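This is what each chain is made of:
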Amino acid sequence: MERAVGGDVFAQALEETLPGWVGVEQGTLVLDLIGSAAMPTSRLVVTDDPPSSSALESFLQDVFANIHDRGVPAMSQLLLQPQSSSSQFSATIRVAELGAPNRPVGRHGLAASIQEPPACSLARVGPSSITSSRRLADHYWTTGVDGSDQTETPGLTTTDDGEHDTRLQASQTALEALRLRDSTHEYAALLDGQPACGPYEALPVEPTLELSADTLTGLLDGVPSYDGSHWPAGLTQFPPRLIRETVHREAAGTTHDDVLAGPHPAMTQLGIQPDVSLTEFTSGWLKEHNSHADQLEERSLGAPHFRGNPFDEDGPVVVVDPNDETSTTAVETAGELIMVANAAVRADSYLLVVTPTEEAAQWARRVLAVPYAARRGPHTVELYTVPDVVGTDSGGLLITERGSGEPYWSVSGGTQQALSAGDRCLGSGPVSEPLSSYSYDTPQLLQRGDSHIVLHQEGYPLETVSSLAACRDDYWLVRRPVLPVQPLFCAGVTVTYRRDSDLIEPIRSQSWDDEQALSPLEHHLKCALKRFIETYTVPISRGADGEASAFLEAFVQWYASVSTQPIPFLGMLTRLLPSEVAVRTDARGRPAVLENRRWWLQTEAIAHGCASPQSTDSNS
């Protein structure tokens, strides 16, 4: 990113106007060196009547002093656009600050930033009628809601009804304010040198200052401090450089490079490279976010690509692309993505998922939110698989005849796992037992030297095939199922996609369109409860073992991932449950246990590595 700085006329005007000790140089400012991942970037916005000229006289100087006092490396930008009157200007003011905390990433990062608002120079100094774009969300969002004790992750709920009396979705105003929190728009606009006022059309603020020539002169009567704040030179981030073309006037008491250095050797190596792989991009992004991530050079099935992310210094990072046709490194299947999530839960780690597109991110989010392939009845769900083939005790591979239909694995009643083809069950057993302990009514493939022998389930040979590929003409290889270690993955994970030079997680604000027989918010919650129970539980007889415990915690975590509307108090959920659901409440009247439902998978019963399959055939 290069910006031509001013012109000859502008340079001459500066020479005539500025004090003689201020240097005036002309050239090209190279911003690529500061990195492509968004720095926390604030824009000055006017929230009330415009401030008076006297209130703005020392404003920029106060901003510079605040940045200096906090020891924060920063870039300031002032864009001026002349108005129809030659004595009036429209001013855009931005400040980008490098350092902790980094800009928030995704829903969990945004929620944390609402809980602990970011330090921001533009919001700290100046009159009360101006603030920072990064602080606008404070007026529309909160995390202090009933139920926050049910999860370690703070909830993110809107406090603004906007134009919607129904309160079923966050208003456009609230969503735009939240998007500005992560700085991606303002950082890109800073690099591009444009006012970029589009997002503010939905907000009751003015994104520019209207200034007279006299007011502008007073505003510019300040200089930054040149000592005390050193730009930390990292692996991928350096201060911007100026390729000087003309030195109109030397700065007094200093040299060129002391203030703004010239070209840097890294300038030919850095910058946004559109053809870089998603894994390489992720590596650079993690470094620019001060995540000391270690890349796994030799990753196995179900392993992450990196360890260390903005949420967890040792947390896994996985690159996912379900449509990847050019690389063998990205996770492409739902089964392997669930394996990665399983490992993160076992290690009590926070998982960051990186995808190439918004569509891919939505796919990954759906898989983690509902970690099974399909419903096959009120009690039965179909499981995802991985390419590994199920092995037998005799060293063979489990296969089924193609004429019987593609085989699939399922779980019934939360406890029984079965292999089926069409309507025929080929083998089953408890999820607590290893697959090798099941009895199968289907052939197996055994390799003897260069030959492959198809054995009947009773052990005698049916035929000999020349290769594994030839076997596939008449038989299906039975893939290994993946059992998640919990019924859903909504907490402890952020799913992002690459947009230009950054990673984005869209905020979802779910509503349901069924007929509204109740008040709007109660109807919204009633529909949410019904959807959750139908998706994640199966019916059982009242009093049977395995009732759905820890219901409240699981529902609150799921609800926080699909809705931005608050739950006024958790006790109201008890009376909003479907009438056929029997519930046992806690001491505060909140739904704690569903007595005639159990989770679709009794995860505490999973054993023998079934949830983390081991490879049995690398050629499958």
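As the structure is a computational prediction, the values presented were derived from the model and not from experiment.

Q: Which residues make up the overall build of the protein, and what are the values?
A: Scanning the protein from terminus to terminus reveals 16 helices and 33 strands. Expressed as a percentage of its 620 residues, the buried residues of the protein come to 51%. Look at the contacts in the protein between residues 6 or more apart in sequence, and 71% of them connect residues 24 or more apart. With an accessible surface of roughly 28400 Å², the protein has 47% of that area assigned to carbon and sulfur atoms.

Q: Can you lay out the pattern of salt bridges for me, pointing to particular residues and giving the numbers?
A: Applying the stated criterion to the full structure yields 19 salt bridges. With its nearest N and O atoms 2.6 Å apart, the salt bridge here joins aspartate 138 to arginine 135. A residue is classified by how much of its surface remains accessible, and aspartate 138, at 27% relative accessible area, is partly exposed. Judged by its relative accessible area of 22%, arginine 135 falls in the partly exposed class. A salt bridge links glutamate 547 to arginine 584, with the nearest nitrogen and oxygen atoms 2.8 Å apart.

Q: Break down helix α4 (residues 106-115) for me, citing the residues and quoting the values.
A: Within α4, eight of the ten residues are buried, which leaves it mostly tucked inside the rest of the structure. Buried within α4 are the following residues: Gly106, Arg107, His108, Gly109, Leu110, Ala111, Ser113 and Ile114. Summarising the contacts, the buried residues of α4 are in contact with β7 (141-142), α6 (172-179), β28 (493-499) and α15 (551-562).

Q: How would you sum up the confidence of the model for the protein? Please name residues and give values.
A: Averaged over all residues, the pLDDT of the protein is 83; the fraction at 70 or higher stands at 84%. Per-element confidence in the protein is highest for strand β14 (residues 351-355), whose mean pLDDT is 97, and lowest for strand β1 (residues 2-5), whose mean pLDDT is 50. Per-residue pLDDT stays below 50 along residues 268-273; that stretch engages in seven contacts with residues further than four places along the chain or on separate chains. Long-range and interchain partners of residues 607-620, a stretch whose pLDDT sits below 50, account for 46 contacts in this model, where long-range means more than four residues apart.

Q: Quick one: what's the story with unusual backbone geometry, residue by residue and with numbers?
A: The phi dihedral of serine 183 falls on the positive side, at around 75 degrees, and the residue is not glycine. With respect to the secondary-structure elements, serine 183 resides in the loop between α6 and α7 (184-192). Taking the relative accessible area as the measure of exposure, serine 183 reaches 1% and is therefore buried. At alanine 196, a position not held by glycine, the phi torsion is positive, near 50 degrees. Position of alanine 196 relative to the elements: it lies in the loop between α7 and β9 (209-212). When its relative accessible area of 25% is taken as the criterion, alanine 196 is described as partly exposed.

Q: Describe the nonpolar core, listing the residues and the values that go with them.
A: Core analysis: the biggest nonpolar cluster contains 47 residues, and Trp409, Phe532, Phe551, Phe555 and Trp558 have the highest contact counts within it. Mapped by element, the contributors of at least two residues to this core are β19 (407-412), β20 (416-421), α14 (520-536), α15 and α16 (572-576). Tallying contributions element by element places α15 first for this core, with eight residues. Filtering out sequence-adjacent residues up to four positions away, phenylalanine 551 remains in contact with Leu529, Phe532, Ile533, Leu577, Pro591, Ala592, Leu594 and Trp599. Counting residues in each nonpolar core, the second largest holds 24 residues, with Ile338, Val340, Leu351 and Val482 among its members.

Q: Tell me about the sheet that holds strand β26 (residues 475-477), and please be specific about residues and values.
A: Strand pairing in a sheet relies on backbone hydrogen bonds. The paired strands run either parallel or antiparallel. If you trace the five strands from one edge of the open sheet to the other, you get β25-β24-β23-β18-β26, paired in antiparallel fashion. Pairing within the sheet leaves two strands with one partner each, and these edge strands are β25 (461-465) and β26. Across this sheet, the average inter-strand angle for adjacent strands is 35 degrees, counted without regard to direction. Here strand β24 (residues 451-455) pairs with β25 via four bridges, running antiparallel. From the neighbouring strand, histidine 452 faces β25, where its bridge partner is valine 465.

Q: Can you tell me about the packing of α14 against α15, naming the residues and giving the values?
A: How two helices pack is summed up by the angle between their axes together with the distance between the axes. Relative orientation of the contacting elements α14 and α15 amounts to 110 degrees, with a least axis distance of 11 Å. Taken together, the axis directions place α14 and α15 in an arrangement best described as roughly perpendicular. As for how α14 packs across α15, the hand of that crossing is right-handed. Contact residues: His524, Leu525, Ala528, Leu529, Arg531, Phe532, Ile533 and Tyr536 in α14; Phe551, Ala554, Phe555, Trp558 and Tyr559 in α15. Residue classes in the contact of α14 with α15 are distributed as eleven nonpolar, one polar and one charged.

Q: For the sheet that holds strand β15 (residues 374-375), give the residues involved together with the corresponding values.
A: Spatially, six strands are ordered β15-β16-β19-β20-β21-β22 in an open sheet, and the strand pairing comes out antiparallel. A strand with exactly one partner marks an edge of an open sheet, and here the two such strands are β15 and β22 (439-440). Strand direction decides the pairing type here: strand β21 (residues 424-430) and β22, joined by two bridges, are antiparallel. Counted as the bridge partner of serine 428 is serine 439 from β22.

Q: Explain the pairing of strand β23 (residues 444-448) residue by residue, including any values.
A: Taken together, the two bridges between strand β18 (residues 397-401) and β23 define a ladder with antiparallel strand orientation. Paired with leucine 398 across the strands is glutamine 444, a residue of β23. Counting the residues in the hairpin turn of β23 and β24 gives two residues, including glycine 449, whose phi is positive at 65 degrees.

Reading guide: rules and limits
- Residues numbered from 1 in each chain as written.
- Predicted model: local features only at pLDDT ≥ 70, side-chain atom pairs only at ≥ 80, totals over all residues.
- Heavy atoms only, no water.
- Helix = DSSP H or I, 4+ residues; strand = E, 2+ residues; numbered from the N terminus.
- Buried < 20%, exposed > 50% of the residue type's maximum accessible area, 1.4 Å probe, protein only.
- Contact = heavy atoms within 4.5 Å.
- Areas by Shrake-Rupley, 256 points an atom, 1.4 Å probe, with all protein chains shown as cover.
- Salt bridge = Lys/Arg side-chain N within 4 Å of Asp/Glu carboxyl O.
- pLDDT = per-residue confidence, 0-100.
- Core = buried A, V, L, I, M, F, W, Y, C linked by side-chain atoms within 4.5 Å.
- Pairing = 2+ DSSP bridges.
- Axes fitted to C-alpha atoms, helices over the stretch in contact; angles between N-to-C directions.
- Parallel < 35°, antiparallel > 145°, perpendicular 65-115°, else oblique.
- Left-handed = near helix turned anticlockwise from the far one by under 90°.
- Nonpolar A, V, L, I, M, F, W, Y, C, P; charged D, E, K, R; others polar.

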